[in-house]
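Residues per chain, in single letters:
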Amino acid sequence: MEEESRESRNTARLRMMELANMISVPMSLNAIVRLNVPDAIWEGGSNTPLSAAQILARVLPSGDPENLQRILRMLTSYRVFQEQVTHSERKYSLTEIGKTLVTDADGLSYGYGPYVLQHHQDALMGAWPLVHEAVVDPTCEPFVKVHGEPAYGYYGKRPEMNDLMQKAMSGISVPVMTALLDVYDGFGGVQRLVDVGGSAGDSLRMILRKHPHVREGINFDLPEVVAKAPQIPRVTHVGGNMLESIPAADAIFMKWILTTWTDDEVKLIMENCYKALPVGGKMIVCDSMLPEKTDESHRTRALLEADIMVMTIYKTKGKQRTEEEFRRLGHLAGFPHIQAFYIDYVFTILEFRK
Ligand SMILES: C[S@@+](CC[C@H](N)C(=O)[O-])C[C@H]1O[C@@H](n2cnc3c(N)ncnc32)[C@H](O)[C@@H]1O
């Protein structure tokens, strides 16, 4: 008994040490993306195991291989890299997790690298020491406390942040949309489709390519965002504010939008969608559904971690929601029919029909 409780106290201290040092994980991910390590190992698909010195030779004119190896070893323990040790030399290749950071692996996307970089820009990092302030004063986001204005407005005034945000969204959206379009077939009969908060328009581009009967796609986002969006056949970019009004369409697609808004704002956005749709028209929400149960799974952790990010950077009372919470808001906005499609570990489709 004594032995057992000594062991559990030991484990507890070890686990707390791991948690307290956790910042090394995302910051090291940030470092390897900045140094272009995943692309250097991948090199057109070879993924040959390389020593830190060999990787360094591919990415920098000079540098410290020992320090790079320290980063690679630590991330190997999180299965970003696979390590081979021969004659005391360590070599690294990319695991499936590491491969998500490769740029343009399938000729379609930027990979998850820009997403890692987007999260760790100075402006966002500055808000993180103030997470507790979201508890003390939920009327103001930690990001706003530091920078004096909301995150999207702040990005909009800085072209390099705006550009990185678009690349980060594309990097996530392209693989998710590929998975979604494989299994979800809810665009039948739609001729005019609006993507609310569509960023650079990647989701629309992919939906329209798969569904030639959709005659017109409207990529609706903030004016400064659509101003930088590329031309896409059959897609019109329209600048505006989803809290004010949404262009009329047969169906509305909305991916990864509602988590950054409060319940009242989500209801308002849904009401604006309702007004923009004909009877029988669909609002197709693609977002994360928070599980009811709190457990230690990767999915639950990824969603709960993203929830704190929303609270810190975007809206103190914006949040990840359960399917039930989304359904309740949809009913309040006037949608009588709601159907769920679980398509991916992170994203679910909720179809609200008017
Ligand atoms: C998390 S991103 C999602 C982008 C895209 N739907 C995707 O899944 O990759 C949220 C998007 O909402 C846009 N947005 C933020 N506030 C908005 C507003 N008031 N009206 C319209 N778009 C807005 C942002 O510019 C951004 O492109």
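These numbers come from a predicted model, not from an experiment.

How each quantity is defined
- In this numbering scheme, every chain counts its residues from 1 along its sequence in written order.
- Predicted model: local features are reported for residues with pLDDT of at least 70 only, side-chain atom pairs are reported and counted for 80 or more only, and whole-chain, interface and lining totals are derived from all residues.
- Think of the side-chain values as coming from all heavy atoms in the structure, minus any hydrogens and water.
- Nearness here has a simple test: a residue counts as near a molecule or strand if at least one of its heavy atoms is within 4 Å of that partner.
- Distance and chemistry together define a polar contact, namely a pair of N or O atoms within 3.5 Å, with one atom able to donate a hydrogen and the other to accept it when in protein, and with adjacent residues in sequence counting only for side-chain atoms on both sides.
- Here the Shrake-Rupley method, with its probe set to 1.4 Å, supplies the accessible areas, and only the displayed protein chains count as covering residues.
- Basically, the charged four are Asp, Glu, Lys and Arg, the nonpolar ten are Ala, Val, Leu, Ile, Met, Phe, Trp, Tyr, Cys and Pro, and anything else, Gly included, counts as polar.
- Helix axes are fitted only over the stretch in contact, all axes being lines through C-alpha atoms; the angle between N-to-C directions runs from 0 to 180 degrees.
- A run of H or I in DSSP becomes a helix once it reaches four residues, and a run of E becomes a strand once it reaches two; helices and strands are each numbered from the N terminus.
- When an angle is under 35 degrees it counts as roughly parallel; over 145 it counts as roughly antiparallel; between 65 and 115 it counts as roughly perpendicular; any other value is oblique.
- Crossing chirality is assigned from the near helix's rotation relative to the far helix, an anticlockwise turn below a right angle marking it left-handed and a clockwise turn marking it right-handed.
- Any two residues whose heavy atoms approach within 4.5 Å at even a single point are treated as in contact.
- Throughout this description, buried means an accessible area under 20% of the type-specific maximum (1.4 Å probe, protein chains only), exposed means over 50%, and partly exposed covers the range between.
- Only buried residues count toward a nonpolar core. Its members are Ala, Val, Leu, Ile, Met, Phe, Trp, Tyr and Cys residues joined through side-chain atoms within 4.5 Å.

Talk me through the site of the ligand; I want residue IDs and the actual numbers.
In the vicinity of the ligand, 15 residues are found, and the nearest of them are Ser 173, Gly 197, Asp 221, Asn 241 and Lys 255. Between Ser 173 and the ligand, the recorded distance is 2.6 Å, taken from a side-chain N or O atom to an oxygen atom. The separation between a nitrogen atom of the ligand and a polar side-chain atom of Asn 241 is 2.8 Å. Contact with the protein chains hides 94% of the accessible area of the ligand, taken as 590 Å² for the molecule alone. Split by residue class, the shell around the ligand holds eight nonpolar, five polar and two charged.

Let's hear about the packing of helix H12 (residues 159-183) against helix H13 (residues 202-210): which residues, and what values?
Their axes nearest at 9 Å, the elements H12 and H13 cross at an angle of 30 degrees. In terms of orientation, H12 and H13 fall into the roughly parallel class. Relative to H13, the crossing made by H12 is right-handed. Each of Ser 170, Ser 173, Val 174, Met 177, Thr 178, Leu 181 and Asp 182 in H12 lies in contact with H13, whose residues at this interface are Asp 202, Ser 203, Arg 205, Met 206, Ile 207 and Lys 210.

I'd like to hear about unusual backbone geometry, residue by residue, with values.
Notably, Ser 88 is not glycine yet its phi reads approximately 60 degrees, a positive angle. Mapped onto the elements of the fold, Ser 88 is located in the loop between strand E1 (81-86) and strand E2 (89-94). With a relative accessible area of 70%, Ser 88 lands in the exposed category. Even without a glycine there, the phi angle at Ser 199 is positive, about 55 degrees. With respect to the helices and strands, Ser 199 occurs in the loop between strand E3 (192-196) and H13. Under the relative-accessibility criterion, Ser 199 is labelled buried at 11%.

Mind laying out the nonpolar core, listing which residues take part and the relevant values?
Ranked by size, the top nonpolar core spans 28 residues in total, and within it Ile 246, Met 254, Leu 258, Met 270 and Met 283 carry the most contacts. Breaking this core down by element, the ones donating at least two residues are E3, strand E4 (216-221), strand E6 (251-255), helix H15 (263-276), strand E7 (282-287), helix H17 (323-332) and strand E9 (348-353). Looking at which element gives the most residues to this core, the answer is H15, with five residues. Once you skip the residues sitting within four places of it in the chain, Met 270 turns out to touch Leu 258, Met 283, Phe 326, Leu 329, Gly 330, Ala 333, Phe 335 and Phe 352. Listed in part, the 24 residues of the second largest apolar core include Ile 172, Val 174, Met 177 and Tyr 184.

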